[in-house]
Amino acid sequence: MHTTLTEHARCLYGDSFGPRQPCEREHREAYFIEDLTFADADAILAMLRELCSDLVDGHLPVWTRNFAYRLLLLQRPGDPMLMREAAASLYLHGPDWDDIAADLERQADVLDSTSRTTVSVVVSESPRSVDVRHRTAGSD
């Protein structure tokens, strides 16, 4: 019985660290995709890290890897590092997806630039007066 998404993927696709382990479950890709579809982000990341630790290698089919990254980005839309990782994977298996990869990199850059901007709120003695100041990290 597979207790994790990683075990299920390893059973179905194998991995570069050794042969497939014997398993008594029926292996249909549809069952794995169902598990992947409803997995949380941590489980998906664990599977990708373990089975595709090197983006170039790995036994997961490209479409499965793309789907996994898509699900991750839906669950963690504001994660620029994850966007860049997904973009790198798309570039490796392009050029069909190069435009999507470039868009992900642009979105990550925007998120990085906005995360360096902080907002400080200064409330004066009067409860009706609020001064909001935007500053970029490193500019005090």
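Residues numbered from 1 in each chain as written. Predicted model: local features only at pLDDT ≥ 70, side-chain atom pairs only at ≥ 80, totals over all residues. Heavy atoms only, no water.

**Student:** What is the right way to look at the overall build of the protein chain in this model?
**Tutor:** Secondary structure summary: the protein chain contains six helices and two strands in total. Scanning the protein chain from its N terminus toward the C terminus, one meets helices and strands in the order α-α-α-α-α-α-β-β. Out of the 140 residues in the protein chain, the part that is buried amounts to 31%. When contacts within the protein chain are restricted to residue pairs at least 6 apart in sequence, long-range pairs at least 24 apart make up 49% of them. For the protein chain, the accessible surface area stands at approximately 9000 Å², while carbon and sulfur atoms represent 54% of it. (Helix = DSSP H or I, 4+ residues; strand = E, 2+ residues; numbered from the N terminus. Buried < 20%, exposed > 50% of the residue type's maximum accessible area, 1.4 Å probe, protein only. Contact = heavy atoms within 4.5 Å. Areas by Shrake-Rupley, 256 points an atom, 1.4 Å probe, with all protein chains shown as cover.)

**Student:** In this structure, what is going on with the nonpolar core? I would like to understand it.
**Tutor:** The nonpolar side chains of soluble globular proteins are, as a tendency, buried together. If you look at the biggest cluster of nonpolar residues, it comprises 29 residues, and the most contacted ones within it are Phe 32, Leu 36, Ile 44, Met 47, Leu 48, Leu 60 and Leu 72. Contributions of two or more residues to this core are made by helix 1 (5-13), helix 2 (29-37), helix 3 (41-51), helix 4 (62-75), helix 5 (80-92) and helix 6 (98-115). Element by element, the count of residues in this core is highest for helix 3, at six residues. Each residue touching Leu 60, except ones within four places of it in the same chain, is listed here: Ala 9, Tyr 13, Met 47, Leu 48, Leu 51, Cys 52 and Arg 65. (Core = buried A, V, L, I, M, F, W, Y, C linked by side-chain atoms within 4.5 Å.)

**Student:** So what exactly am I meant to see when it comes to the packing of aromatic side chains here?
**Tutor:** For any two aromatic rings, the description comes down to two numbers: the centre-to-centre distance and the angle of the planes. Inspection of the entire model under this criterion finds one aromatic pair. Residues Tyr 13 and Phe 32 carry aromatic rings whose centres are separated by 5.6 Å and whose planes lie at 85° to one another, so their mutual orientation is edge-to-face. Of the two residues, Tyr 13 is situated in helix 1 and Phe 32 in helix 2; the sequence distance between them amounts to 19 residues. Residue class for Tyr 13 comes out buried when judged on its relative accessible area of 11%. (Phe/Tyr/Trp six-rings, centres within 6.5 Å; stacked < 30°, edge-to-face > 60°.)

**Student:** Explain the confidence of the model for the protein chain to me, please; I cannot follow it from the model alone.
**Tutor:** Considering every residue of the protein chain, the mean pLDDT works out to 81; 79% of them sit at 70 or more. Here residues 126-136 is modelled with pLDDT under 50, and outside its nearest four sequence neighbours on either side it reaches 23 contacts, counting other chains as well. (pLDDT = per-residue confidence, 0-100.)

**Student:** How should I be thinking about the environment of His 8 in this particular structure?
**Tutor:** The topology assignment puts His 8 in helix 1. With a relative accessible area of 2%, His 8 lands in the buried category. Considered as a pair, His 8 and Asp 35 are 27 residues apart in the sequence and their alpha carbons are 8.5 Å apart. Beyond its immediate stretch of four places on either side in the chain, His 8 contacts His 2, Tyr 31, Phe 32 and Asp 35.

**Student:** What exactly am I supposed to notice about the environment of Asp 40 here?
**Tutor:** Secondary-structure assignment places Asp 40 in the loop between helix 2 and helix 3. Look at Asp 40 and you get partly exposed, because its relative accessible area is 45%. Here the side chain of Asp 40 touches Asp 42 through a polar contact of 3.3 Å, landing on its backbone nitrogen. (Polar contact = N/O pair within 3.5 Å; in protein donor to acceptor, adjacent residues only side chain to side chain.)

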